[in-house]
Amino acid sequence: MVKLLQQIIRWFFIRIENVFNRAFGEKLNPFYHLGTLSFWQFWLLVGSGLYLYIFADTGIDHAFESVERITHDQWWAGGILRSIHRYATDGMILTMLLHMLRHFAYDRYRGFRSFSWLTGVALLWMIYVAGINGFMLVWDKLAQFVVIATAEWFDALPMFGGTLIRNFIYLENVGSRLFTLLAFMHIGVPLIVVIIMWVHVQRVPRAHINPPRPIAIAITLMFIALALIKPIFSQGGQADMAVVPTNIEFDWFQLPVLALVYVYDPLHLWLGVMGLTGLLFLTPWLPPKRRGTAQLTTRITFRPDGKSVTARFGETLLDAGLRQDVNLPYECRNGGCGVCKCTVLQGQVDPGLYQPSALSAEELSQGKVLLCSATAINDVEIEYAASTVEKAFREYVAKVIKLEKLTHDVMLVLLKLPKEQKVSFKAGQYINVILDDGQRRAFSFANPPHQPEYIELQIRLVEGGRFTTQVFEQMKVGDEIRFEGPLGDFALRESERPIVFVAGATGFAPVKSMVEDAFERGLKRPIYLYWGVKQLRDLYLPELPKRWASEHANFHFIPVLSDPAPEDQWNGRTGLVHEAILADFPELKGHEIYACGSVKMVEAIFPFLKQQGAEDGACFSDAFSVSARSMAFQPK
């Protein structure tokens, strides 16, 4: 029954959306932005409401007159804003209902999405409460009807037993104190709505709260046009409890329940509303969704970046990637525009529901799916067009505030940005230093993200290296460095697996950032750091990881020297760094390996680690050469 109902509703949506696609294009189809449209209309409500509140009188004797002055004496501002306030409320209710209906039709309200569904139901009822309350503040004949109908409806509940309506039988019974309470509610309820709206989007990775600018402008202009063509006016004069209001224009978006108070038994109406609310709250579990052959959690590997993430049952490829910081291409998130089209290289996926115009049957047969619609049945490998992803980095100019030689060939360079700037980055990312001729040199952040007031780089002297030679021989405090960033997707994945860091030479820089960030976030996963260098003098900052090990029971530091000098008097581990790991971990399955160092080192160690159980989807690297990572950004 539920599937049949979904198919019928989906049939209508697909055809209506096709019409809007032809009229506005896939990227600007309002049906793909119903959620953000609801947010935008709420911002219009807040803005217009604040203006109206400034000039409105919340006293019972002058409320109607103040609203009339706002409407007529300043029709060019207050009058238009009053109309926008009403129409935006109606529009918000409409888009919220369509948004919920569409998610129901496309079966996107179960599992972890049930959280957004439940908060969405709560939001809808809160908007209804705020809307009904707003009608009362005008204190015209329509407000009189709303107040009396609401009181009679609540009086049907045993807890009130007819006490509310007594306050509205005679005008003298309606005091300013009660009216002020109504005005306070009209401010308090929207504040609660803001909180629920914030909670509502917390389970949606990279959720947008505003529609595309052309749609926002078009909706705003539409409301202004409606305000000018059919302005909202008070009805029938000031409320008079001695006269029954008649011939009022009804708002069927906001007041349908009150109209039914005089058609059905109010108590039965309460049972119907509460029953509908209960049904909506239970909808994500009616009936339970069967998993079939699909795994409870799956691993998705994205190409070309090689990043691997976990996906929950029912979670789209797009949501899983965005939730774990893969910068994937997308636009509508509703299976309508085709921007997130990708290719399944390995594994099985459920392509999900989408517009046929976004993905043809021929493309589907070739293994193409939409990231925003498809879900993984088992572990999969996906290839997407990385060139379509918008670059998230920018250019900065910083000053050198400290130069410290950590060892014979490693220099600590501390950079400071202007006061009004900071770089928001993730531990493991890097920057490209831009040279005078436009060439780039890549260096990892060595400081953690919670210390954004400066940028710490650990730069190793490369023989014949143009920039590194300048750092060691010419650079001084006060010099300016131009760079771009943050760049890269090298970061800790969300899991409970033990972490094994493999650092070679200055590969310690990103490890330092990631380890300090993990401590700051209270990460309790076991962390093992294997730092491989040639001799003891190459092991710069050795006391820092030793201190970490003494302060954190889950951290373990294992330095490894490949060719210790006699004067080192080294009693620790020797040989190649990966050999120490293999000796300590007979079975690496279930661990995450993060390798930071030269391309040669990474290429050498991963085959050995995989032979001992390390999984493809759990091996990550930030391999670098003199400028390997920055080659993609070299000027042509």
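Source: prediction; values computed, not measured.

Asks: Help me out: how do you make sense of the packing of helix α5 (residues 114-138) against helix α10 (residues 266-282) in this one?
Replies: Axis separation between α5 and α10 bottoms out at 9 Å; the angle between their running directions is 155 degrees. When the axes of α5 and α10 are compared, the pair comes out roughly antiparallel. Counting all contacts with α5, which are made through Trp 117, Leu 118, Val 121 and Trp 125, the residues of α10 involved are Val 273, Thr 277, Leu 280 and Phe 281. For the contact of α5 with α10, a count of residues per class yields seven nonpolar, one polar and no charged.

Asks: Explanation requested: the side chain of Ser 308 in the structure shown.
Replies: Here Ser 308 lies in strand β2 (residues 307-312). On the basis of relative accessible area, Ser 308 is assigned to the buried category, the value being 1%. Among the polar contacts made by the side chain of Ser 308, one reaches the side chain of Arg 299 at a distance of 3.0 Å.

Asks: How should I be thinking about the packing of helix α14 (residues 508-520) against helix α15 (residues 543-551) in this particular structure?
Replies: The relative placement of two packed helices comes down to the angle between their axes together with the axis-to-axis distance. Between α14 and α15, whose axes approach to 12 Å, the crossing angle comes to 25 degrees. What the angle tells us is that α14 and α15 run roughly parallel. Relative to α15, the crossing made by α14 is left-handed. Seen from α14, the contacting residues are Phe 508, Lys 512, Val 515, Glu 516 and Phe 519; seen from α15, they are Leu 544, Pro 545 and Trp 548. By residue class, the composition of the contact of α14 with α15 is six nonpolar, no polar and two charged.

Asks: Would you take a moment to explain the sheet that holds strand β17 (residues 573-574) for this structure?
Replies: By way of backbone hydrogen bonds, the strands of a sheet pair with one another, either parallel or antiparallel. Spatially, β17-β16-β15-β14-β18-β19 is the arrangement adopted by the six strands of the open sheet, whose pairing is parallel. Edge strands, defined here as strands with exactly one partner in the open sheet, are β17 and β19 (619-621). Pairing of strand β14 (residues 499-504) with strand β15 (residues 527-533), which is carried by six bridges, proceeds in the parallel orientation. Bridge pairing in β15 places Val 500 opposite Tyr 528. Along the sheet, helix α16 (residues 577-584) contacts β14, β15, β16 (555-561) and β17; its crossing angle with β15, the most-contacted strand, is approximately 145 degrees.

Asks: Would you mind going over the sheet that holds strand β7 (residues 380-384) with me for this structure?
Replies: Pairing is mixed across the open sheet formed by five strands, whose spatial order is β2-β1-β7-β3-β5. Each edge of the open sheet carries a strand with a single partner, namely β2 and β5 (368-370). The sheet shows a mean angle of 40 degrees between the axes of neighbouring strands, direction not considered. As paired strands, strand β3 (residues 341-346) and β5 are joined by three bridges and run antiparallel to one another. Looking across to β5, one finds that Cys 342 is bridged to Val 369.

Criteria and thresholds
- Residues numbered from 1 in each chain as written.
- Predicted model: local features only at pLDDT ≥ 70, side-chain atom pairs only at ≥ 80, totals over all residues.
- Heavy atoms only, no water.
- Axes fitted to C-alpha atoms, helices over the stretch in contact; angles between N-to-C directions.
- Helix = DSSP H or I, 4+ residues; strand = E, 2+ residues; numbered from the N terminus.
- Parallel < 35°, antiparallel > 145°, perpendicular 65-115°, else oblique.
- Contact = heavy atoms within 4.5 Å.
- Nonpolar A, V, L, I, M, F, W, Y, C, P; charged D, E, K, R; others polar.
- Buried < 20%, exposed > 50% of the residue type's maximum accessible area, 1.4 Å probe, protein only.
- Polar contact = N/O pair within 3.5 Å; in protein donor to acceptor, adjacent residues only side chain to side chain.
- Left-handed = near helix turned anticlockwise from the far one by under 90°.
- Pairing = 2+ DSSP bridges.

In short, shape yes, function no, at least from these values alone.
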